[in-house]
Amino acid sequence: MNGVDGVTGPEDPEGFEGSEILEGIEALEALEGLMGLEKEREVTVWAEGTLTVTATLEEGSLVILGEDTDAAALFGEDVSQYEYGITVAPGDVPAVLDALDVAEGVDVLDALVLRGEDLVKIGEAGWLESIGVQAEFWSRIS
């Protein structure tokens, strides 16, 4: 077989079809999942204007990252960018999910997307503190 779906390219190895490649990829992804090596899933919690807030789960910790690419209004004309990160320990992630008050079965990343606008307006770090969750926080301006 030469190429996939009529697209020409290098000759496929003898007896090796494009569908076998896809099956191999699916098998590899399943094996990674069984070994706990799933790829990180990143969600956009909020994106408006120059502010973008994302979230991931990294080894059970909830990591929220924010970046404002036009931070002069907050910090003065000498500052163009503000970045911050918030890390919630794995043991506190269930409390975060409970406080987000979403339907049963919704994971914490999807819950953050559903409640993102409210959380960003309140301030994620302040909200976490208000529900009794102590999180690591860092920030940087440039």
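These remarks concern the structure in this document.

Basis of the calculations
Along each chain, residue indices are assigned from 1 in the same order as the chain's sequence is written. Given that this is a predicted model, residues contribute local features only at a pLDDT of at least 70 and side-chain atom pairs are listed and counted only at 80 or more, while totals for whole chains, interfaces and linings are drawn from all residues. With hydrogens and water excluded, all non-hydrogen atoms of the structure serve as input to the side-chain values. What makes a salt bridge here is a side-chain nitrogen of Lys or Arg within 4 Å of a carboxyl oxygen of Asp or Glu, nothing more. Labels follow the DSSP assignment, with helices taken as runs of H or I lasting at least four residues and strands as runs of E lasting at least two, numbered in each case from the N terminus. Whether two strands pair depends on DSSP finding at least two bridges between them. Angular values range over 0 to 180 degrees, each being the angle between N-to-C directions of two axes fitted as lines to C-alpha atoms, with helices fitted over their stretch in contact. In these notes, a set of buried Ala, Val, Leu, Ile, Met, Phe, Trp, Tyr and Cys residues joined through side-chain atoms within 4.5 Å is what counts as a nonpolar core. Exposure categories follow from relative accessible area, calculated using a 1.4 Å probe and restricted to protein chains: below 20% of the type maximum is buried, above 50% is exposed, and the middle band is partly exposed. Whether two residues are in contact is decided by their heavy atoms, any of which lying within 4.5 Å being enough.

In this section: the pattern of salt bridges. Summed over the entire model, instances satisfying the criterion amount to four salt bridges. Arginine 41 is the salt-bridge partner of aspartate 107, the closest N and O atoms lying 2.5 Å from each other. Remark: arginine 41 occurs in the loop between helix H1 (18–34) and strand S3 (43–48) and aspartate 107 occurs in the loop between helix H3 (93–100) and helix H4 (108–122); sequence separation between them is 66 residues. Among the salt bridges present, the one from arginine 41 reaches aspartate 110, with a minimum N-O distance of 3.1 Å. Pair noted here: arginine 41 is in the loop between H1 and S3 and aspartate 110 is in helix H4, with a separation of 69 residues, a long-range link.

Sheets are built from strands paired through backbone hydrogen bonds, the pairs being either parallel or antiparallel. A sheet is described by the order of its strands in space; here five strands give the open sequence S3-S4-S5-S6-S7, paired in antiparallel fashion. The outermost strands of the open sheet, each flanked by one partner alone, are S3 and strand S7 (136–141). When the angles between neighbouring strand axes are averaged without regard to direction, this sheet yields 10°. One ladder, built from eight bridges, connects strand S4 (residues 51–58) with strand S5 (residues 61–68); its direction is antiparallel. Within the sheet, the bridge partner assigned to threonine 56 lies in S5 and is valine 63.

Residues Val53, Ala55, Leu62, Val96 and Leu100 are the most contacted members of the largest nonpolar core, which totals 26 residues. Those elements giving two or more residues to this core turn out to be S3, S4, S5, strand S6 (82–88), H3, H4 and helix H5 (124–130). For this core, the leading source of residues is H4, giving six residues. Ignoring anything within four residues of it in the chain, the contact list for valine 96 reads Leu62, Val88, Val108, Trp127, Leu128, Ile131 and Val133.

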